Amino acid sequence: MHLLPPLVAAVWLAGLTAQSPSSTSVSAAPSGRLASPNVAAEQGVVTDTAVDGTLWAAGPTWKASFAADGTTFVPCFGPAAPRNFPAAMPRAVVSVAGQLLAGEPVPPTFAFAAVEYRGPSFTERYELRSAGIEQQFVFTTLPARGALQVMVPFSSELACRGAGADGFRFANEHGSFGYGRAVAFDADGDRLELTTEWTGSGFVITVPAAFVAEASLPLVVDPLVGNVVAYTTDTKTLVSTDAAWDESLGRFAVVHERVFSATDSDVYVRYHDGGMQFATPTYAIDLSADSWRAPRIAGLEAHDTFLVVAEKSTGNVAPWRGFGRTVTGAVATLGTPFQVFNLANDVTRLDVGGDPAPVGPTQFCVVAEYAFSAQDHDIYGVAVSASGVPATPFAVDAAGGMQTRPQISASCGEPGGGSEAWGVAYYLEPSAIAVQARFAALSRTFAVLGRAIMPLTHPSAGSTVAISSPTDHGQGRMFAMTTAYEISGHYEARTVAWTTTGSLQADTGIWVGGSLLNGEARLDCDGTRFVLALATRAPGVRTDVSFTLLGLHGNYLAAENWDYGGSLADSAPAVVAKHSGGGNRRTYGVAWVETTGPTAHRIECSLYDGIQDGVQFATRPTGCGGLVMNHTGESTLGGTFQATLQVASGLAGFVVGFPVDQPVGPCAGCRQGVDGNVMLGSVYTFAVPRNAAFVGLVLSLQGFQFGPPASGACLGQVNLSDTLDATLR
């Protein structure tokens, strides 16, 4: 028996698994590598504090700001609303028995699930509820016991449609919200419905003198502002998502954008545990009246810090600025929002790459599209520290023409070898030359290591380009890059692999989607393989999200399995390997937007198991003499499995090699199951190389035992086990 030399084995395996580039349909049966998705529960109330000290809060159908001079309530009418329609409520004016109570401006403070203005005479309090903000006036002392009058200034573009059983409605053609009738209650629980009068510029709420005279303090006056109804659209419109992983925190961070109106988008982030289960409430990256769009996120493992970047404007019109905000630690401490790029003109389409190195200092690398002029857009980058301090921007590609739509890899790759690098993918739009998808590699010192160009044929304006983190340094760093585009009424995608110097190493050929239109693509790498996330849409058919495991086999990127996302219409996929955040080399976190109504959405999150489909272990009946062999572990790339013989005495070992099946000479009932080498001992451990070229290789093990004389099934001396066939996945 003999074991094939490793080089011969690799060549033999490549002959079995490599394929020639060809056109391949994107449709395939689900493989089961995608875990059941976790659906985000209805968002409750989320809060934030702006740089100027203004407090912000948001619920499912509203948001509100609280400053020293008063409160602003903004109903959410959704993306069909051309802009926000805020209602301003300056500080109330209060009198009792005709005596004016002091109500000078004081800064608001958060108090559990409420915001309070704590004045010397009374507290103006806003309880933050999913349905709206419950306005309360709390009196712990009174200078006199007479009629209590609360005058609430109130201004809104929306017309007041009069009082109903539940209070007043303010409405326009996009939706409405309510200002509820007030009640008064005291410390003993005595309660009274109050008269609330609309004056055209505010509300007058009166507590009768008789109730005030008998009230046990504190006395509370309580109307509700909220009950938002949108006429033309749903208010839960989500349009983008992204994810990152931090190994020492054991957390995924998933970020998404919510379209509040046509001029205002907000950004949220939420932590998930290693199984993609929800681990924390939702945190606000931005709730302000400014619009933050297209958020992206990455992490620095050494600092347990994520960075969220987005394009920011007022009213979703120029000027556009690139902004960011850090999220640090297991309890998600948010840093102060900051401008990422100190550049004069519009900065859009930001993306951020992290660093999985366990020891700092490490930095983020942020890229963006910079509008140098109307006919000349460039790709710029900037290093950002873990504390959110950007360095001086640098040009990734500032040549003439329209360099657009950049993406950067989720990380610069596994530490080691000094070859860590981020990959940057982007387009050169039509000009004097044909459209091109371009690649650049950036070192950890932000130097350009290499470039490459992929000519394209008639890509549409909706084309997308995606780039993965690099493979591990032991295999030579390589990046996968996907372009997805519409051409002549159908959808195509192509993925290639580049080295850091821009040398083409592998190609998938072109995947043709028939009548499919519009593609969104995201990529990441577990150090060996790649997972490609695509969103596609056919005319009249719902959008689907698919996830594909790609392995490097010689000069070909082979699709090793396909999986599909949720059962409803899906879009905006995100994918991140735990390896990109310093974790294991097989598991990915994925997220996407699922449509539950005409414009109603939710975020779905799941784990993706980055192994090829199929059985890992099988046992063939070749044994004689009752020798038992057990096994544990996994035969996956980068994994380890172990075989153990149940022997009490005698010389034992394994034959390890390739599978055969033939009788053993004069030994009836005994069969040889392996052609390979002999390994002595009752335990054999095999570490599977992290090399996609070995995918599909069957490694076989058969145990043997030389017993005392006349105790073996073969020739009275030898017992053989059944054969274990381990297929490397």
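What this report covers is the structure whose coordinates are included nearby. Just so it is clear, the structure is predicted and the values come from calculations on it, not from any experiment.

Rules used in this analysis
- In every chain, residue numbers begin from 1 and rise along the written sequence.
- Restriction of local features to residues with pLDDT of at least 70 applies here, the model being predicted, together with a cutoff of 80 or more for giving and counting side-chain atom pairs; totals for whole chains, interfaces and linings are based on all residues.
- Hydrogens and water are ignored here; the side-chain numbers use all heavy atoms of the structure.
- By the criteria applied, helices consist of DSSP H or I runs no shorter than four residues and strands consist of E runs no shorter than two, each listed in order from the N terminus.
- In this scheme, a residue with accessible area under 20% of its type's maximum is buried, one over 50% is exposed, and one in between is partly exposed, where area comes from a 1.4 Å probe on protein chains only.
- We call two residues in contact whenever any of their non-hydrogen atoms come within 4.5 Å of each other.
- Here the nonpolar core consists of buried residues drawn from Ala, Val, Leu, Ile, Met, Phe, Trp, Tyr and Cys, with membership extended through side-chain atoms lying within 4.5 Å.
- Sulfur atoms of two cysteines make up a disulfide when they are within 2.5 Å.
- Each Phe, Tyr or Trp ring (for Trp, its six-membered ring) is paired with any other whose centre lies within 6.5 Å, and the angle between the two planes then decides the class: stacked below 30 degrees, edge-to-face above 60, tilted in between.
- Throughout this description, the term charge over a ring refers to an Arg CZ or Lys NZ atom that lies within 6 Å of the ring centre and within 35 degrees of the ring normal.
- Criterion used throughout: strands pair if DSSP finds at least two bridges between them.
- Angular values range over 0 to 180 degrees, each being the angle between N-to-C directions of two axes fitted as lines to C-alpha atoms, with helices fitted over their stretch in contact.
- Throughout this description, the term salt bridge denotes a Lys or Arg side-chain nitrogen within 4 Å of a carboxyl oxygen of Asp or Glu.
- Buriedness for pockets is judged along seven lines, at least five of which must meet protein on both sides within 12 Å for an open set on the 1 Å grid over protein atoms alone, while cavities are sets there where a 1.4 Å probe fits but cannot get out, and lining residues have an atom within 4 Å of a point.
- Grid points are joined across faces, edges and corners, and a volume is the space filled by probe spheres set on the points.
- For this classification, Asp, Glu, Lys and Arg are treated as charged, while Ala, Val, Leu, Ile, Met, Phe, Trp, Tyr, Cys and Pro are nonpolar and the rest, including Gly, are polar.
- The patches described consist of residues with a relative accessible area above 30% and no salt bridge, like charges being joined within 9 Å and nonpolar side chains (Val, Leu, Ile, Met, Phe, Trp, Tyr) within 5 Å.
- Accessible surface area values rest on a Shrake-Rupley calculation with a 1.4 Å probe, where residue burial reflects the displayed protein chains alone.

**Focus: the overall build of the protein chain**
Across its full length, the protein chain holds two helices and 60 strands. Counting over 729 residues, the protein chain shows a buried share of 58%. Across the protein chain, every contact between residues at least 6 apart in sequence was considered, and the portion connecting residues at least 24 apart equals 59%.

**Quick word on unusual backbone geometry**
With an omega dihedral of 5 degrees, the bond running from Leu217 to Pro218 counts as a cis peptide bond. The topology assignment puts Pro218 in the loop between helix 2 (209-214) and strand 23 (219-222). Of note, the bond from Ala318 into Pro319 is cis; its omega dihedral lies within 30 degrees of zero at 5 degrees. Within the element layout of this structure, Pro319 appears in the loop between strand 30 (305-313) and strand 31 (321-328). Non-glycine residue Ala294 carries a positive phi angle of around 50 degrees. Examined against the element boundaries, Ala294 turns out to sit in strand 29 (residues 291-300). Despite not being glycine, Ala572 has its phi angle at roughly 50 degrees, a positive value. As for its position among the elements, Ala572 is in strand 50 (residues 569-577). A relative accessible area of 7% places Ala572 in the buried class.

**Notes on the nonpolar core**
Counting 47 residues, the largest nonpolar core has Phe66, Ile133, Phe139, Leu148, Phe177, Tyr179 and Val221 as the members making the most contacts within it. If we ignore the near neighbours within four places in the chain, the residues touching Val221 are Gln135, Gln136, Phe137, Phe139, Leu148, Ala182, Val183, Leu194, Ile205 and Val207.

**A short note on the state of the cysteines**
Considering all chains together, one arrives at two disulfides under this definition. The partner cysteine of Cys624 in its disulfide is Cys670, sulfur to sulfur 2.0 Å. Residues Cys624 and Cys670 are joined by a disulfide whose S-S torsion is about 110 degrees; by sign, that bridge is right-handed. Linking Cys624 in the loop between strand 53 (617-620) and strand 54 (629-633) with Cys670 in the loop between strand 56 (651-663) and strand 57 (671-680), this pair joins segments that are 46 residues apart in sequence. For the pair shown, Cys624 and Cys670 are each scored as buried.

**Topic: the environment of Val384**
Assignment of secondary structure puts Val384 in strand 36 (residues 376-384). Once residues within four sequence positions are removed from consideration, Val384 is found in contact with Leu307, Phe338, Val340, Gln363, Phe364, Val366, Val389 and Pro390.

**Remarks on the packing of aromatic side chains**
Applying the stated rule across the entire model yields 34 aromatic pairs. Between Phe170 and Trp198 the ring centres are 5.3 Å apart and the planes differ by 80 degrees, which places this aromatic pair in the edge-to-face class. Taken as a pair, Phe170 in strand 17 (residues 167-172) and Trp198 in strand 21 (residues 195-198) lie far apart in primary sequence, 28 residues in all. An aromatic cluster of three or more residues is present, and its members are Trp62, Phe73, Phe154, Phe168, Phe170, Phe177, Tyr179, Trp198 and Phe203. For Arg270, the ring lying beneath its charged end belongs to Phe278, and the centroid distance is 4.4 Å.

**Quick word on the sheet that holds strand 26 (residues 251-261)**
Across the sheet, which stays open at both edges, the four strands sit in the order 25-26-27-28 with antiparallel pairing between neighbours. If you trace the sheet from one side to the other, it starts and ends with strand 25 (238-246) and strand 28 (278-286), each paired once. Direction aside, neighbouring strands of the sheet carry axes that sit 20 degrees apart on average. Pairing of strand 26 with strand 27 (residues 264-272), which is carried by nine bridges, proceeds in the antiparallel orientation. The residue bridging Ala253 from the neighbouring strand is Tyr271, located in strand 27.

**Considering the side chain of Thr348**
Relative to the helices and strands, Thr348 resides in strand 34 (residues 347-353). According to the relative accessible area criterion, Thr348 is buried, its value standing at 16%. Sequence-distant contacts of Thr348, that is, excluding residues within four places in its chain, are made with Glu311, Trp320, Ala368 and Glu369.

**So, the pattern of salt bridges**
Evaluation of the coordinates by the stated rule reveals 27 salt bridges. Ionic pairing is found between Glu127 and Arg125, a salt bridge with its closest N-O pair at 3.7 Å. What makes Glu127 buried here is its relative accessible area of 18%. Put simply, Asp355 and Arg444 hold a salt bridge, and the shortest N to O gap is 2.9 Å. Residue Asp355 is found in the loop between strand 34 and strand 35 (364-373), and its partner Arg444 is found in the loop between strand 40 (436-443) and strand 41 (448-455); the two are separated by 89 residues along the sequence.

**Focus: the sheet that holds strand 57**
One key point about sheets: their strands pair by backbone hydrogen bonds, in either a parallel or an antiparallel sense. Reading across from one edge, 53-60-59-56-57 is the order of the five strands in this open sheet, with antiparallel pairing throughout. Lying at the two open borders of the sheet, with one neighbouring strand each, are strand 53 and strand 57. Across this sheet, the average inter-strand angle for adjacent strands is 35 degrees, counted without regard to direction. By the bridge criterion, seven bridges tie strand 56 to strand 59 (residues 698-706) in an arrangement that is antiparallel. When the sheet's bridge partners are listed, Phe654 is paired in strand 59 with Gly703.

**Here we look at empty space enclosed by the protein**
Scanning all chains against the criterion turns up three cavities of 30 Å³ or more. Lining the largest cavity are 14 residues; nearest its centre among them are Asp242, Ile408, Ala410, Arg522 and Val575. Of all the elements in the fold, those that place two or more residues in the lining of the largest cavity are strand 25, strand 34, strand 38 (403-408), strand 46 (517-525) and strand 50. When grouped by side-chain class, the residues that make up the lining of the largest cavity number nine nonpolar, two polar and three charged. Considered as a void within the structure, the second largest cavity measures approximately 50 Å³ in volume. Lining the second largest cavity are Ala243, Ala244, Trp245, Ile297, Ala298, Gly299, Ala410, Val576, Ser580 and Gly581. Elements represented by at least two residues in the lining of the second largest cavity include exactly strand 25 and strand 29.

**Concerning a nonpolar patch on the surface**
Together, Leu651, Val678, Leu680 and Phe706 line one region of the surface with nonpolar side chains, adding up to about 380 Å² of accessible area. For Leu651, the position within the fold is in strand 56.

**Description of the pairing of strand 8 (residues 93-96)**
Both strand 8 and strand 14 (residues 148-153) contribute to a ladder of four bridges, which runs antiparallel. Bridged to Ser95 within strand 14 is Gln149. Note that strand 8 and strand 9 (residues 99-100) share two bridges and pair antiparallel. Paired with Val96 across the strands is Gln99, a residue of strand 9. The loop that links strand 8 with its antiparallel partner strand 9 comprises two residues; one of these, Ala97, has a positive phi angle of about 55 degrees.

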